[in-house]
Amino acid sequence: MAKGKIRAKIKRSQLYTFAFGKKSAQAGPHPIEGPGCSRVVHCNQPHMHRKKPLQYRSNYISTTKYTFLTFLPKSLHEQFHRVANLYFLAAAILSLTPLSPFSAVSMIAPLAFVVGLSMAKEGMEDWKRFMQDMNVNSRKVKFHKEEGIFDDKQWQQVEVGDVVRVEKDNFFPADLLLLSSSYEDGICYVETMNLDGETNLKVKRAMDVTLSLDEDEVYKNFTGMIKCEDPNPSLYTFVGNLEYDRQTYALEPGQILLRDSKLRNTSYVYGVVIFTGFDSKVMQNSTKSPSKRSRIEKKMDYIIYVLFSLLLVVSLISSLAFALKIKFHMPDWWYMRPDDAEDFYNPRKPLVSGLSHLVTALILYGYLIPISLYVSIEVVKVLQASFINQDILMYDDDTGIPAQARTSNLNEELGQVDTILSDKTGTLTCNQMDFLKCSIAGTAYGVRVSEVERAAAQQMTTDLEQEGRKPSSSIKKGKQDIELETVVTSKDEKVHKPPIKFFSFEDDRMMEGNWRNESNADTIMLFCRILAVCHTAIPELNEETGTYTYEAESPDEGAFLVAAREFGFEFYKRTQSSVFVRERYLASGPTEREYKILNLLEFTSKRKRMTVIVRDEDGQIILMCKGADSIIFDRLAKKGKMYLEDTTQHLNKYGEAGLRTLALAYRKLEESEYSAWNNEFMKAKTSIGSDRYTMLEKAAEMMEKDLILVGATAVEDKLQKGVPHCIDKLAQAGLKLWVLTGDKMETAINIGFACSLLREGMKQICITTLESDSKEAIKENILMQITNGSQMIKLEKDPYAAFALIIDGKTLAYALEEDIKFLFLGLAVDCASVICCRVSPKQKALVTRLVKEGTGRVTLGIGDGANDVGMIQEADIGVGISGVEGMQAVMASDFSVSQFRFLERLLVVHGHWCYKRIAQMVCYFFYKNIAFGLTLFYFEAFTGFSGQSVYDDLYMILFNVVLTSMPVISLGVFEQDVSSDVCLEFPTLYQQGPRNLFFDWYRILGWMGNGLYSSVVIFFLNVIIFYDQAFRAEGQTTDMAILGTIMFTCIICAVNFQISLIMTHYTWIQHVLIWLSILTWFLFLYVYGMLSPIYSKNVFLILTEALAPAPVYWTTTLLVTIACTLPYIAHISLQRCFHPMDHHIIQEIKYLKKDEKDQVMWKREKTKAREKTKIGFTARVDAYIRNLRAKLQKKTQSKPEYPS
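Rules used in this analysis
Residues numbered from 1 in each chain as written. Predicted model: local features only at pLDDT ≥ 70, side-chain atom pairs only at ≥ 80, totals over all residues. Heavy atoms only, no water. Helix = DSSP H or I, 4+ residues; strand = E, 2+ residues; numbered from the N terminus. Buried < 20%, exposed > 50% of the residue type's maximum accessible area, 1.4 Å probe, protein only. Contact = heavy atoms within 4.5 Å. Areas by Shrake-Rupley, 256 points an atom, 1.4 Å probe, with all protein chains shown as cover. Patch = residues over 30% accessible without salt bridge, like charges linked within 9 Å, V, L, I, M, F, W, Y side chains within 5 Å. Salt bridge = Lys/Arg side-chain N within 4 Å of Asp/Glu carboxyl O. Pairing = 2+ DSSP bridges. Axes fitted to C-alpha atoms, helices over the stretch in contact; angles between N-to-C directions. Lys, Arg positive; Asp, Glu negative; His and termini not counted. Phe/Tyr/Trp six-rings, centres within 6.5 Å; stacked < 30°, edge-to-face > 60°. Core = buried A, V, L, I, M, F, W, Y, C linked by side-chain atoms within 4.5 Å. Parallel < 35°, antiparallel > 145°, perpendicular 65-115°, else oblique. Left-handed = near helix turned anticlockwise from the far one by under 90°. UniProt positions renumbered as here; feature names shortened; annotations may be inferred. Polar contact = N/O pair within 3.5 Å; in protein donor to acceptor, adjacent residues only side chain to side chain. Expected span 1.5 Å × (residues − 1).

Enquirer: It is not clear to me how the overall build of the protein should be interpreted in this structure. Could you clarify?
Expert: When helices and strands are tallied, the protein shows 41 helices and 33 strands. Within the protein, the proportion of its 1204 residues that are buried is 58%. Within the protein, contacts between residues at least 6 apart in sequence are counted, and of these 75% link residues at least 24 apart. Here the protein has roughly 51700 Å² of accessible surface; of this, 56% comes from carbon and sulfur atoms.

Okay, structure coming up:
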């Protein structure tokens, strides 16, 4: 607590130049009137908003698809969107009429079971979303109850007008107006990573008039009125006035604390609630949870249309033939009593007879459409989802969080993804920088290698081994020129001391004070002092370890301060006007030095640099500056360029190695020069008006010149574990990756380099907005940039050339307009990688929609914050990262993983498997139902289209539900064309999904044709064999019951034998289910036949007395089964021999164990089995190797040849 009070005395607002300027009352309040600015908030009087016209929304939020009231109607609507369910509903209604060939129960019960099971599954999944919503709604916050007393209240109970107290590291429950904070001047630090993806802390400041409201008791009599804008999705704007103490004050965005952002580095803040629940800006950026259906499921509807058309055709043929029979043959059938026939069989009314028979036929041939298809798929998808949930290789040991399929409707869609749209912060990065290398006075320090360098060395060694050359001699040749020895002989191989967070630097020349022995020791000391002084961080002592940690606005600053500490310059204290550094390795011994802060010009995305002006203990005024190398180099004095050439070479090398770089410079100032400049600077800082920022920038430019270069830093952006490898595998699998981030362009570009979406040599197409007041001029300029970019790509001749598109949110707003967006999309699709910076949550959703609708391909959105919800919901598949920064993204997602790296296994393994399983399962379903249903039609043709079924009613009920259901479910759950390891080793296999090789019309119609062939074989072979000859020793011929039972036996054996041929991965479960299904049929037939004739009717003792003793029954079953499967066997044999697919080749290699016998061949096949890509770690290493080889070749060619 004491520490909080000491820190609270620091008036942090005085440090900032560009972030703040005191708002003078003379500027006046905002004009709040007209549409869009009608909200009135009575501060500390929430009861005023509980009745009209101020009846605002509650703070309760919901991401569920249903409510208790809407579940039944909405879920029924969802179920009967399915064409098959709609048909069976009509058939169930018609089964209540005398025209039905089956009983009503046999039609209604299966439909009720199928629909009920699907609704129960949807309800369970939505219930999980509801429970996660309740976890958020039940969070607690302190609110002003009465008489200066603050008490706990759940988030969902927070009301507009409530005064709340939020404490450090807690989220804001609603959009608040900041009243005061634990700092004297009302400063607070806010992390908005959930909103805009930015990792650096934002500084917010309360108005001067409310700074005194910093204790609970003072709110006893506090009242005020806020008049402001209506709820809107703009995160960066706010217009409003506060009427307080008979004065009106203008409110600015810098005083607003948004819901789901987090309080950092500040003990507490007080705020009044302005927007709650769905009125808050973050929720305004979200969209309703959509109903998503996979492409296979949508295509199934079209297949159902085809089957329904087939059903209609055969029903019309049957009805027409029946009407003709009734009209022309019925009068001759005296035993049918034609003179006293019902309307259904009246020769004088053949039209009525035909229409009534049409209804009968539509129900009778309904088995062409598989009613159990949907429920089987639901069961399979739930089991697939459980396998995803239980996959131990997607379980994060650090957090204890497994992967979770929050909906199972989209399992197969995971295998068809074409484009991934990813957030950056918290998704790709873990917001940690490691200090790795530095260049000081033209000398490079740091011998540890980056991931890019290490991979390049390993790849070159592998390539040389495959070429049959010794890597040592080849790599060492000319290595002094290309400095490859640090790659090959890195100290990474040695035993290290315990790692230091944010510090991976290793070089004995700099450690333990050894830098004092360097020839440039004075410059090194100045370098370290710049690191230790030029920042805005706050030190915090860890009492357990005795070391300091740093609360920095950006992770770079934290890494620099740790590096300075390890080099012997420890920043340990900050006051209002000074920074204190403990310098350990000076010649005079350890010394504590004070640097008085005179001015601080903070970093902005436009300035790309940060400057601090300090006075040291000797009275010398020093300007210290760090920033982007291009910015610093342009501001160097002539005498300050001594190390420019060497430093530039080092920076280029660091960039190639994937490191983030900054240049450091300084300048000593005379007292008179500083005083004159400071007068001008203070005038600009205290000015009021729209040109204040311009004046400040001009003043800064006057001072930040004639600098002397000291050196440069290189930090490695710590991505989340496995991110580069995951992106590399996804790229090899042929997926495209777009990064949509709220971060500034420079940060996003650096992350692009870190995760290998960008690399050295990649041509960047940066589309920016022209500074103009004319919207038409801006649009025309953007259109020209897009056109030029597209033309550049078309004219490129280099096959290795790669392009990256980079665009910011302001420009993107124009690029997404109707007349430009498809040109923008065309350019983006032609680029290897796309990075969109400074985008709002709504823009993320719009870009996702553009890609989804413009390309027609499957999109996947992945993110971890509330700002990603719109993108996640808009994408075909939404994946949430269940990290530490809230659960909004997870609650809105279809799947969740704890880290981005698990996306590789989710897609490349589970996605690939689920797609092929569902595709093969659906095709097989249509095959077996056509094979079964058409036999009914053929029998009708043989029996005068009488509407009589050849099969017993119970046979037909059991066909889909029992006798053929379990093997097809096992196919959908357990089938693996290749193992998970092979999926990861051969990522190109994934492209079978996006190319839809297993569910295109060619394959679907092929399976339908196979079903047609099987139905012909089953029916006509049986009729030919049993039509006019005895089948038993006693001379009996077959009747309808015996023929129907024999045909049904052939169907059961044929379709189960067919599915055994489809399967390529057998476990004991598949064997048991296939053989058990066949055995169940014979057991059922035996038990059913043993029942009383009252129940068994025509099949009484049919197996024991009629079929089992007859050898022809068994031989016919065997003959028909073999005949039915011959075409598939021939097709798959020819395909594997002459046109094998990728997985066929791998299956053969695995079966023959060639992967164990011939490792070189196996490695070569793995290298070939990846899609050509220009992004990812492998592509980057390939480019790095090409550069190294070019240098080696140039070196070899430049050597003089001596005569022998």
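Enquirer: Would you explain a nonpolar patch on the surface in this entry?
Expert: There is a patch of nonpolar side chains on the surface, built from F942, L1012, V1016, F1020, I1024 and Y1027 and spanning about 620 Å² of accessible area. By residue number, the principal contributor to the nonpolar patch is helix α32 (residues 1001-1026), which donates 4 residues. You can see I1024 is positioned in helix α32. Judged by its relative accessible area of 61%, I1024 is exposed.

Enquirer: Would you mind going over the sheet that holds strand β30 (residues 833-837) with me for this structure?
Expert: One key point about sheets: their strands pair by backbone hydrogen bonds, in either a parallel or an antiparallel sense. Pairing is mixed in the open sheet, where 9 strands are placed in the order β14-β33-β32-β31-β15-β27-β30-β29-β28. Where the open sheet ends on each side, the last strands, each with one partner, are β14 (404-405) and β28 (763-767). Summarising the sheet, strand β15 (residues 417-422) and strand β27 (residues 736-740) pair through 4 bridges and their orientation is parallel. Across the sheet, residue L421 finds its bridge partner in β27, namely W738. Of the strands in this sheet, β27, β28, β29 (803-808) and β30 are in contact with helix α24 (residues 821-830), which crosses β29 at around 140°.

Enquirer: So what exactly am I meant to see when it comes to the side chain of D728 here?
Expert: Looking at the element boundaries, D728 is found in helix α20 (residues 723-732). Nearest to the buried, unbridged D728 among oppositely charged side chains is K729, at 6.4 Å. Ignoring anything within four residues of it in the chain, the contact list for D728 reads G1176, F1177, T1178 and A1179.

Enquirer: Explain the packing of aromatic side chains here, please?
Expert: For any two aromatic rings, the description comes down to two numbers: the centre-to-centre distance and the angle of the planes. In this structure the tally under the stated criterion is 49 aromatic pairs. Each ring, one from Y955 and one from W1081, has its centre 5.1 Å from the other, and the planes form 85°; the classification is edge-to-face. You can see Y955 sitting in helix α29 (residues 953-963) and its partner W1081 sitting in helix α34 (residues 1068-1090), a full 126 residues away along the chain. You'll find Y955 and W1081 in the same group, each marked buried. An aromatic cluster of at least three residues, connected via ring pairs, comprises F932, Y951, Y955, F959, F1048, W1081, F1084 and Y1088.

Enquirer: Any chance you could explain the nonpolar core here in plain terms?
Expert: Generally speaking, a soluble globular protein has its nonpolar side chains buried in company with each other. Counting 113 residues, the largest nonpolar core has Y951, F999 and W1081 as the members making the most contacts within it. Of all the elements, helix α28 (residues 902-942) adds the most residues to this core, at 17 residues. Those residues in contact with W1081, other than ones at most four positions away along the chain, are Y955, L963, T1045, F1048, T1049, I1052 and Y1113.

Enquirer: I tried to follow the packing of α28 against α32 on my own but got confused; where do I start?
Expert: It is at 7 Å that the axes of α28 and α32 come closest, and there the two elements cross at 40°. Here α28 lies oblique to α32, going by the angle between them. By crossing handedness, the relation of α28 to α32 is classed as right-handed.

Enquirer: What is the right way to read the pairing of strand β10 (residues 247-251) from this model?
Expert: In the case of a regular strand, side chains alternate between the two sheet surfaces. Here 5 bridges tie strand β9 (residues 240-244) to β10, and the two strands are oriented antiparallel to one another. For N241, the partnering residue across the bridge sits in β10 and is A250. Hairpin connection between β9 and β10: a loop of 2 residues separates the two successive antiparallel strands, and D245 in this loop has a positive phi of roughly 55°.

Enquirer: Where do I start with the pattern of salt bridges in this structure?
Expert: For side chains of opposite charge, pairing can occur when their charged atoms come near one another. The final tally for this structure, using the stated rule, is 55 salt bridges. With a closest N to O distance of 2.9 Å, K281 and E229 form a salt bridge. In this pair, K281 is assigned in helix α6 (residues 281-284) and E229 in the loop between β8 (224-228) and β9, connecting sequence segments 52 residues apart. Residues K281 and E229 agree in their burial class; the two are buried. Of the charged contacts, one joins K763 and E796 as a salt bridge, the two residues approaching to 2.5 Å between their closest N and O atoms. Residue K763 is found in strand β28, and its partner E796 is found in the loop between α22 (775-795) and β29; the two are separated by 33 residues along the sequence.

Enquirer: Can you walk me through the sheet that holds strand β11 (residues 256-257) in this structure?
Expert: With respect to topology, 6 strands assemble into an open sheet ordered β3-β2-β4-β13-β5-β11, the strand pairing being antiparallel. Unpaired on one side and paired on the other, β3 (149-154) and β11 mark the two borders of the sheet. As paired elements, strand β5 (residues 175-181) and β11 share 2 bridges and run antiparallel to each other. If you follow L177 over to β11, its bridge partner there is I256.

Enquirer: I tried to follow the UniProt feature "active site" (unreviewed entry) in the protein on my own but got confused; where do I start?
Expert: Look at the UniProt record and you will see "active site" (unreviewed entry) annotated at D423. By the secondary structure assignment, D423 is in the loop between β15 and β16 (429-440). D423 sits in the buried class, given a relative accessible area of 0%. Once you skip the residues sitting within four places of it in the chain, D423 turns out to touch L428, L740, T741, K844, I862, G863, D864, N867, D868 and M871. At 3.2 Å, the side chain of D423 and the side chain of K844 are in polar contact.

Enquirer: Would you mind showing me how to read the environment of V829 here?
Expert: Position of V829 among the secondary structure elements: in helix α24. Given the relative accessible area of 35%, V829 is considered partly exposed. Once the C-alpha coordinates of V829 and K736 are considered, the two residues, 93 residues apart in sequence, prove to be 8.8 Å apart.

Enquirer: Would you mind going over helix α9 (residues 372-389) with me for this structure?
Expert: An α-helical turn contains 3.6 residues, so any two residues separated by three or four positions project in the same direction. Counted at 1.5 Å a residue, the expected span for α9 with its 18 residues is 26 Å, and the 26 Å between its end C-alpha atoms agrees. Counting buried residues in α9 gives 13 out of 18 residues, a clear majority hidden from the surface.

Enquirer: Help me understand unusual backbone geometry, please; the structure alone is not making it clear to me.
Expert: A negative phi holds for most residues other than glycine; trans holds for most peptide bonds. Even without glycine at this site, D260 takes up a positive phi of about 75°. Judged by relative accessible area, D260 falls into the buried class, the value being 2%. Residue F502 is not a glycine yet carries a positive backbone phi of 75°. Mapped onto the fold, F502 is located in the loop between α13 (485-488) and α14 (521-533).

Enquirer: Just to check I follow, could you spell out α20 for this structure?
Expert: Of all the 10 residues making up α20, 8 are buried; the element is thus mostly covered by neighbouring parts of the structure. Among the residues of α20, those classed as buried are V723, C726, I727, D728, K729, L730, A731 and Q732. Count one or two residues on from α20 and you reach G734, which has phi positive near 90°.

Enquirer: Help me out: how do you make sense of the pairing of strand β31 (residues 858-863) in this one?
Expert: Judged by how many residues are buried, β31 sits mostly within the fold: 6 of 6 residues are covered. Here 5 bridges tie β15 to β31, and the two strands are oriented parallel to one another. Residue pairing across strands places S422 opposite I862, the latter belonging to β31. Taken together, the 4 bridges between β31 and strand β32 (residues 877-881) define a ladder with parallel strand orientation.

Enquirer: In this structure, what is going on with the environment of P724? I would like to understand it.
Expert: Mapped onto the elements, P724 comes out in helix α20. On a C-alpha basis, the gap between P724 and L428 in space is 8.8 Å, while along the polypeptide they are 296 residues apart. In this structure, P724 is in contact with L719, A754 and F1177, ignoring residues within four places of it in sequence.

Enquirer: Just checking my understanding: could you explain the side chain of N409 for this structure?
Expert: By the secondary structure assignment, N409 is in the loop between β14 and β15. Look at N409 and you get buried, because its relative accessible area is 9%. Within the local environment of N409, its side chain forms a polar contact with the side chain of E122, the two groups lying 2.9 Å apart. With near-sequence residues (within four places) excluded, N409 lies in contact with K121, E122, K292, S294, E378 and K381.

Enquirer: Before we go on, may I ask you to explain the environment of G186 in this structure?
Expert: For G186, the location among the structural elements is in the loop between β5 and β6 (187-191). Remark: the alpha-carbon pair of G186 and A206, spanning 20 residues in sequence, is separated by 4.9 Å.

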